[in-house]
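Chain by chain, the residues run as shown.
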Amino acid sequence: MKSSPNTSSALRRLCRAASIALSLSAAVQAAPTAQLADAEYDYIVIGSGPGGGVVSSNLAKAGYSVLLLEAGDTSPGQGFGSYTPTVTWDFYVKHYPDGDARNDHYSHLTWLTPEGKYWVGEKGAPAGSKLLGVYYPRGATLGGSSMVNAMVAWLPSDSDWNYHYEVTGDETWKWVLRCQNAAFKAENIKKIFQKIEHNNYATKGTANHGFDGFFQTNMGSMAQGRQTGTLAGNAVMAAYAQDLGLNGSWTMANLLTRDPNLLTPDRDQTSSIFGLVSHQYANGNRYSSRDYIQATAKATTNLTVSITSLASKVLFDTASKCGGTKPRATGVEYLVGKSLYAGDNRKAANATGNKVTARARREVIVSGGAFNSPQILMLSGVGPADHLKQFGIPVIKDLPGVGQHLSDNQEMPIVGSGSAGSGTAGVAMVKSKHPAYGERDMFLMGGQGFLFRGFWPNNPVHAPDEPRQPYGVSMVKGSSVNNKGWVKLRSADPQDTPEINFNHYAFGKEYDLEAMKDTVAWIRSIYLRIGITPMEPPCSGKPDENGSCGKDDEDWIYKQTFGHHPTSSNKIGADNDTMAVLDSKFRVRGVDGLRVIDASAFARIPGIFPAASTFIISQKASDEMLDEIASGKALKTCSA
């Protein structure tokens, strides 16, 4: 089983508290459950990640009372790649529908042995072991997944934002608004990014960046270059520069610190080496939505944070007591207690918690992420009617799209054995031969000994061996086309985890799969040129002149693809789209007083890493909610 780090006696005392509020000094204080039961707030927000953390903070800073519910506690994260029970929920997912043999061939499946230990591998687990599936951790602490992710802050393409305008007609989704002569008239999403960004790496005043916001960004290679002098790339970087035609106009040092978020007109067509931008402070420490929550609590008493508080359902007025013709969200029922969710490795079998309700005068905002937000909606009676009836859940609104359209970036390492020499291994963003939207579509990162194969629990008793002297290039398929995954209920129990299936390559494989194959062939050809022996994908014959091994590559990609950027399971869509869950303002269709503001809302997956994009849409949503109040367009308040 995974082991958890020792905690101080003070932290243990805090974790025993049923819930907390953050004081003006940002210290943590216990708040008795009795004081929170049936309490009333302007807004209730479920989830403290980049969605809920930003929205709750902005509403509180604007003068409104907000209850923020977080099912985890305030345990600190251990950094990317370390998923202790103190900060994560363990989900086990499938890559393909039941009965598809490809589910059985992923190299790092997780099994539970009869002794209660984790065993990781494709086959050979001890007799009597139970196959759990593909391990997919999500953040479950104050700050959500922004506390455990790789911190990459890479803006998506303009077209990913403009797509939301195209399907809804809402011009506020445009990356930029242009007047008739094509000059900038008003900058929309770009302006929001500049508003929230606190850039720690570019020269202050650099165009299209922000320097006074809350969202901290940094570039490690730029800091490294300032400390050590001129940066040099390894042999793989030299091959990238040669093949992408960069040698004539760029030095390697400039490429390794090239800003991927410099918003030039040709940015989305530019294949190049770049520096890696992360959501970090200038000193390299992680920035997360937890920091914003704590800063807000220090500045105002309007924000109440209740930890170890698992939302069980949204409450509705269906008798028009609040006026209007639609069911209206009026509050949240939640369970107070530590480690109540089945995804929490520490959950006791008989742990049920104490049931508490809270009321919202204005709105309820669900920000549980791409797995838990659709689960909460369905538990509340909002979702596919037939599915809800299976579990005896009264239907508030039949919305067949809830939990559908689940999307992810396809990822996989390209592995070799040998040395790329000294020098820095940077990242690249390139355009494959099969770009879905005519733009660059493949992100590459890697290095000597770098083999990112996805996730599995800490401290397994077995994990597959790695090749000698490995060199890995991990590819991430940007703006993936496939959107045929799903999140479904297993039961009506809010403590249960949902069924999650990504249904890889079910749609758009002529783009997603072919782009992955293009990239495998290119990297294999680079390995061969610089003296690295290609290992994965394995090739039964000889690669062709482009480095491709044809069907061998395709079969391997099908089996070894994974991901960790889930989005779009409550998608925004057009009024006539029966599968659209949200309108362009994040409002749940068919009900009042309920929004979903997190990565599950995206109409299509935004680029290669969704964290920065989720911070942006959360700022957008809260700004628009406040504008609605100021203009008199908001729902009238409704008190119990």
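Rules used in this analysis
Residues numbered from 1 in each chain as written. Predicted model: local features only at pLDDT ≥ 70, side-chain atom pairs only at ≥ 80, totals over all residues. Heavy atoms only, no water. 1 Å grid on protein atoms, 1.4 Å probe; cavity = no way out; pocket = protein on both sides within 12 Å on 5 of 7 lines; lining within 4 Å. Points joined across faces, edges and corners; volume = space filled by probe spheres on them. Helix = DSSP H or I, 4+ residues; strand = E, 2+ residues; numbered from the N terminus. Nonpolar A, V, L, I, M, F, W, Y, C, P; charged D, E, K, R; others polar. Disulfide = S-S within 2.5 Å. Buried < 20%, exposed > 50% of the residue type's maximum accessible area, 1.4 Å probe, protein only. Pairing = 2+ DSSP bridges. Contact = heavy atoms within 4.5 Å. Axes fitted to C-alpha atoms, helices over the stretch in contact; angles between N-to-C directions. Polar contact = N/O pair within 3.5 Å; in protein donor to acceptor, adjacent residues only side chain to side chain. pLDDT = per-residue confidence, 0-100.

Another point: empty space enclosed by the protein. Following the criterion strictly, the structure yields nine cavities of 30 Å³ or more and no others. Lining the largest cavity are 50 residues, with Arg138, Gly139, Ser145, Gly368 and Gly369 positioned closest to its centre. Those elements that place two or more of their residues in the lining of the largest cavity are β5 (88–93), β8 (130–139), β16 (309–317), α10 (369–379) and α14 (611–630). Here the element with the most residues in the lining of the largest cavity is α10; it accounts for seven residues. When the residues that make up the lining of the largest cavity are grouped by side-chain class, the tally is 28 nonpolar, 19 polar and three charged. Counted as a void, the second largest cavity has a volume near 100 Å³.

Quick look at the state of the cysteines now. Under the counting rule described, the total for this entry stands at two disulfides. Two residues share a disulfide in this structure: Cys322 and Cys638, whose sulfurs sit 1.8 Å from each other. Looking down the S-S bond of the Cys322 and Cys638 bridge, the torsion is -60°, so its handedness is left-handed. Taken as a pair, Cys322 in the loop between β16 and β17 (328–336) and Cys638 in the segment after α14 lie far apart in primary sequence, 316 residues in all. Across the pair, Cys638 and Cys322 agree in class, each one buried. The side chain of Cys539 participates in a disulfide bridge whose partner is Cys549; the two sulfur atoms lie 2.0 Å from each other. The chirality of the disulfide connecting Cys539 with Cys549 is left-handed, given an S-S dihedral of about -105°. Note that Cys539 is positioned in the loop between β28 (533–536) and α13 (551–560) and Cys549 in the loop between β28 and α13, a separation of ten residues in sequence. The exposure class of Cys549 is buried, given its relative accessible area of 11%.

Let us look at the sheet that holds strand β14 (residues 277–278). Spatial ordering of the open sheet is given by β11-β12-β14, a layout of three strands whose pairing is mixed. Each end of this open sheet is capped by a strand with a single partner; those strands are β11 (197–199) and β14. Bridge analysis of β11 against strand β12 (residues 215–219) gives three bridges, and the strand direction is parallel. Bridge assignment links Asn199 to a residue of β12, and that residue is Thr217. Across the sheet, helix α5 (residues 189–196) touches β11 and β12, and the angle it forms with β11 is around 60°.

To continue, consider the layout of surface pockets. Of the pockets and cavities examined, the largest pocket occupies roughly 460 Å³. Residue lining of the largest pocket: 18 residues in total, with Asp90, Tyr92, Leu132, Ala342 and Thr497 positioned closest to the centre. Breaking the lining of the largest pocket down by element, the ones donating at least two residues are β5 and β8. Its residues assigned to classes, the lining of the largest pocket comprises nine nonpolar, three polar and six charged.

Another aspect to go through is the environment of Leu132. In this structure, Leu132 sits in strand β8. Between the alpha carbons of Leu132 and Lys94 there is a distance of 9.5 Å; along the sequence they are 38 residues apart. Dropping the residues within four chain positions of it, Leu132 is found in contact with Tyr92, Thr110, Trp111, Leu112 and Tyr118.

Right, let's get into the pairing of β5. A large share of β5 lies buried, amounting to six of its six residues. Burial along β5 is two-sided: Thr88, Asp90 and Tyr92 and Trp89, Phe91 and Val93, pointing in opposite directions, are all buried.

Moving on, we get to the side chain of Ser157. Within the element layout of this structure, Ser157 appears in the loop between β8 and α4 (158–168). Residue class for Ser157 comes out buried when judged on its relative accessible area of 9%. Side chain to side chain, Ser157 and Ser159 meet in a polar contact 3.1 Å long. Polar contacts involving the side chain of Ser157 include one to the side chain of Glu439, which spans 3.0 Å. If sequence neighbours within four positions are ignored, Ser157 has contacts with Arg267, Asp268, Glu439 and Ser479.

Take the confidence of the model for the protein next. Here the protein shows a mean pLDDT of 92. Residues at 70 or above account for 92%. Throughout residues 178–186 the model reports pLDDT below 50, and contacts reaching past four residues in sequence, or to other chains, amount to eleven contacts.

This paragraph deals with helix α3 (residues 52–61). Of all ten residues in α3, nine are buried; the element is thus mostly enclosed. Taken as a whole, α3 has its buried residues at Gly52, Gly53, Val54, Val55, Ser56, Ser57, Asn58, Leu59 and Ala60. Those residues of α3 that are buried lie in contact with β3 (39–46), β4 (66–69), α9 (289–299), β15 (303–306), β18 (354–366) and α14. Count one or two residues on from α3 and you reach Gly63, which has phi positive near 105°.

This part covers the environment of Met147. Tracing the backbone through its elements, the reader meets Met147 in the loop between β8 and α4. Judged by relative accessible area, which is 8%, Met147 ranks as buried. When the C-alpha positions of Met147 and Gly49 are compared, they lie 8.3 Å apart, and in sequence the two are 98 residues distant.

Once that is clear, we can look at unusual backbone geometry. For the bond running from Glu536 to Pro537, omega is -5°, close enough to zero to count as cis. Of note, the phi angle at Gln469 is positive, near 45°, even though the residue is not glycine. Within the element layout of this structure, Gln469 appears in the loop between β24 (442–448) and β25 (470–477). Look at Gln469 and you get partly exposed, because its relative accessible area is 36%. Not every positive phi belongs to a glycine, and Ser568 is a case in point at roughly 75°. In this structure, Ser568 sits in the loop between α13 and β29 (594–596).

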